[in-house]
Amino acid sequence: MINALCELTVFSTSEISKSSGKGRHTSTRREMILMKDSGILIDTPGVREFGLASDNSDTLSDIFELAYFAESCRFENCTHVNEPGCAVVDAVNNGLLALAVYNSYLKLRKESWYFSTSEHEKRKRGKSFAKISEAAKRIKKR
């Protein structure tokens, strides 16, 4: 992947595994690669997962340039999902904000919540969802 991103051979590669059909990580140490005209890439072998360091949705709004639209939302604490008068959703519906950008914002906001929420809060939310789901099933059976 790094070789493809850098558009040159930075690291040697090995064959694709026949049993799993996946590539194998061949680098053995952290390394910083200066990319042509576009920044720095850091190879961190052994790291399988990264998360967002910020759980502030305003920061994400700024990154995705939603803040301009969010200023016009009807409610100050708008989540930009399904509230009436949400200027962000209106911007998506009117083609002023790309759907892909909006979907990326929602995905990262969810990921941010996941990484910043304690295990206790996650279990509590799961139990609450299970109760709602069971209640919905009972209503549907009637």
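Right, let's walk through the structure included here. (Residues numbered from 1 in each chain as written. Predicted model: local features only at pLDDT ≥ 70, side-chain atom pairs only at ≥ 80, totals over all residues. Heavy atoms only, no water.)

Of the regular secondary structure elements, the protein holds six helices and two strands. Moving toward the C terminus, one meets the helices and strands of the protein in the order α-β-β-α-α-α-α-α. The proportion of buried residues among the 142 residues of the protein is 23%. When contacts within the protein are restricted to residue pairs at least 6 apart in sequence, those whose partners lie at least 24 apart make up 36%. Accessible area for the protein stands at about 11700 Å²; split by element, carbon and sulfur atoms hold 52% of it. (Helix = DSSP H or I, 4+ residues; strand = E, 2+ residues; numbered from the N terminus. Buried < 20%, exposed > 50% of the residue type's maximum accessible area, 1.4 Å probe, protein only. Contact = heavy atoms within 4.5 Å. Areas by Shrake-Rupley, 256 points an atom, 1.4 Å probe, with all protein chains shown as cover.)

Moving on, we come to the nonpolar core. L66, F69, C73, C86, V88, L97 and Y102 are the most contacted members of the largest nonpolar core, which totals 13 residues. Counting only elements with at least two residues in this core, the list comes to helix 4 (87–93) and helix 5 (99–116). The leading source of residues in this core is helix 4, at five residues. Counting residues in hydrophobic clusters, the runner-up holds six residues, among them C6, F11, I33 and L41. (Core = buried A, V, L, I, M, F, W, Y, C linked by side-chain atoms within 4.5 Å.)

Another aspect to go through is the packing of aromatic side chains. Tallied over the full model, the rule gives one aromatic pair. Note on Y68 and F69: the rings are 5.2 Å apart at their centroids and 80 degrees apart in plane angle, and the pair reads as edge-to-face. By relative accessible area, Y68 is classed as exposed at 62%. (Phe/Tyr/Trp six-rings, centres within 6.5 Å; stacked < 30°, edge-to-face > 60°.)

A grouping of M32, L34, I40 and I42 is seen on the molecular surface, where their side chains present a nonpolar patch of about 470 Å² in accessible area. Taken together, the elements giving at least two residues each to the nonpolar patch come down to strand 1 (31–35) and strand 2 (39–43). Among the structural elements, M32 can be located in strand 1. (Patch = residues over 30% accessible without salt bridge, like charges linked within 9 Å, V, L, I, M, F, W, Y side chains within 5 Å. Salt bridge = Lys/Arg side-chain N within 4 Å of Asp/Glu carboxyl O.)

This part takes up the pairing of strand 2. By the bridge criterion, five bridges tie strand 1 to strand 2 in an arrangement that is antiparallel. Residue I33 lies in a different strand from strand 2, and its bridge partner there is L41. Hairpin connection, strand 1 to strand 2: the antiparallel pair is bridged by three residues, and D37 has positive phi, about 60 degrees. (Pairing = 2+ DSSP bridges.)

This part takes up the side chain of E83. Note on placement: E83 falls in the loop between helix 3 (67–70) and helix 4. It is R109 that comes nearest to the buried, bridge-free E83 among opposite-charge side chains, at 6.9 Å. Polar side-chain contacts of E83 include one of 3.3 Å to the backbone nitrogen of H80. Sequence-distant contacts of E83, that is, excluding residues within four places in its chain, are made with F75 and C78. (Lys, Arg positive; Asp, Glu negative; His and termini not counted. Polar contact = N/O pair within 3.5 Å; in protein donor to acceptor, adjacent residues only side chain to side chain.)

These figures come from the coordinates and say nothing about function on their own.
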